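Each chain, letter by letter, is given below.
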Amino acid sequence: MTDDASGQYRAGQTALLAVVDEAEPLVEHWRRRFDSSASAGIPAHVTVLFPFLDIDRIGAAVNDDLRTLIGESNPFTIRFDGCRRFPDVLYLAPTPDQPFRALTETIAARWPEAPPYGGQFADVIPHLTVVHGQQPHVFDEAEAALAAQLPVTAKITSVSLFVSDGKHWQQRAEFPLLG
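Residues numbered from 1 in each chain as written. Predicted model: local features only at pLDDT ≥ 70, side-chain atom pairs only at ≥ 80, totals over all residues. Heavy atoms only, no water.

On a plain count of helices and strands, the protein comes out with five helices and eight strands. Helices (α) and strands (β) of the protein occur, in sequence order from the N terminus, as β-α-α-β-α-β-β-α-β-α-β-β-β. Here the C-alpha coordinates of the protein stretch approximately 45 × 35 × 30 Å along the principal axes. The buried share of the protein, taken over its 179 residues, is 47%. In the protein, once contacts between residues fewer than 6 apart in sequence are set aside, the share between residues at least 24 apart is 76%. Roughly 8600 Å² of accessible area belongs to the protein as shown, and the carbon and sulfur atoms make up 49% of that amount. Positive and negative charge centroids in the protein, built from 14 and 23 side chains respectively, lie 1 Å apart. (Helix = DSSP H or I, 4+ residues; strand = E, 2+ residues; numbered from the N terminus. Buried < 20%, exposed > 50% of the residue type's maximum accessible area, 1.4 Å probe, protein only. Contact = heavy atoms within 4.5 Å. Areas by Shrake-Rupley, 256 points an atom, 1.4 Å probe, with all protein chains shown as cover. Lys, Arg positive; Asp, Glu negative; His and termini not counted. Charge placed at Lys NZ, Arg CZ, Asp CG, Glu CD.)

A word on the environment of Asn 74. In this fold, Asn 74 is placed in the loop between helix H3 (60–71) and strand S3 (76–86). Taking the C-alpha atoms as reference points, Asn 74 and Ser 158, separated by 84 residues in sequence, lie 9.5 Å from one another. Among residues more than four places away in sequence, those in contact with Asn 74 are Leu 177, Leu 178 and Gly 179.

Bringing the pattern of salt bridges into the picture now. Counted by the stated rule, this structure contains twelve salt bridges. Arg 57 is paired through a salt bridge with Glu 113; the nearest N and O atoms lie 2.8 Å apart. With Arg 57 in the loop between strand S2 (45–49) and H3 and Glu 113 in the loop between helix H4 (98–110) and strand S5 (128–132), the pair connects residues that are 56 residues apart, well separated along the chain. A cluster of three or more residues bridged by salt bridges with shared partners is formed by Glu 24, Arg 31 and Asp 35. (Salt bridge = Lys/Arg side-chain N within 4 Å of Asp/Glu carboxyl O.)

Its twelve residues place the ends of helix H5 (residues 136–147) 16 Å apart at the C-alpha level, agreeing with the 16 Å of an ideal helix rising 1.5 Å per residue. For H5, the full list of buried residues reads Val 138, Phe 139, Ala 142 and Leu 146. Take H5 and look down its axis: the buried residues cluster within an arc of 100 degrees, on one side only. Turned more than 90 degrees away from the buried face of H5 sit His 137 and Ala 144, all of them exposed. Those residues of H5 that are buried are in contact with helix H1 (24–34), S3, strand S4 (89–95) and S5. (Expected span 1.5 Å × (residues − 1). Arc of directions from axis to C-beta.)

The subject of this paragraph is the packing of H1 against H5. Running from N to C, H1 and H5 point in directions that differ by 165 degrees, and their axes come no closer than 10 Å. On the basis of their axis angle, the class for H1 and H5 is roughly antiparallel. When you trace H1 past H5, the crossing you get is right-handed. Facing Leu 26, Val 27, Trp 30 and Phe 34 of H1, the residues of H5 in contact are Val 138, Glu 141, Ala 142, Ala 145 and Leu 146. Of the residues that constitute the contact of H1 with H5, the class distribution is eight nonpolar, no polar and one charged. (Axes fitted to C-alpha atoms, helices over the stretch in contact; angles between N-to-C directions. Parallel < 35°, antiparallel > 145°, perpendicular 65-115°, else oblique. Left-handed = near helix turned anticlockwise from the far one by under 90°. Nonpolar A, V, L, I, M, F, W, Y, C, P; charged D, E, K, R; others polar.)

To continue, consider the packing of H3 against H4. At a closest axis distance of 10 Å, the pairing of H3 and H4 adopts a crossing angle of 145 degrees. Once H3 is placed against H4, the crossing between them reads as right-handed. Only Leu 103, Thr 106, Ile 107 and Arg 110 of H4 make contact with H3, whose side of the interface consists of Asp 65, Leu 66, Leu 69 and Ile 70.

As structure tokens, this is what we get:
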């Protein structure tokens, strides 16, 4: 979830995240060592939309729209059965991933000026990052350790708005999935 290769974030930047508390005990060790978002205050999560609007654009109307859009979705249960990889990321893949895709598509359609990951990817793949930007042997070690502890099941009941001060992230709001 970093904004650039340095791992630094921009003050005022925001993200919409589905926090996955159930996965934290499994991934915390690896994320603290090998994912800069963890040391910046981001818990284990699946990204719904990053970057979202800058915080100075988020007022009562945006919060109301988020509450309505997210609230229309039903809470859902996911399962992490295994690890997968992007070229520089080891991640846990949620099953099913469609509820995350639907949330991302709905919110991005409402705010087309905030495409997922700045429009870098044609297909946004829901994932929970565990290791980022490391050598293959680190991915292999983490994957072997995690595989022995999977599966993990989690109930997704909300999406949280996080905001960066340039170094750390803090949760600013939480929007429940009401169905």
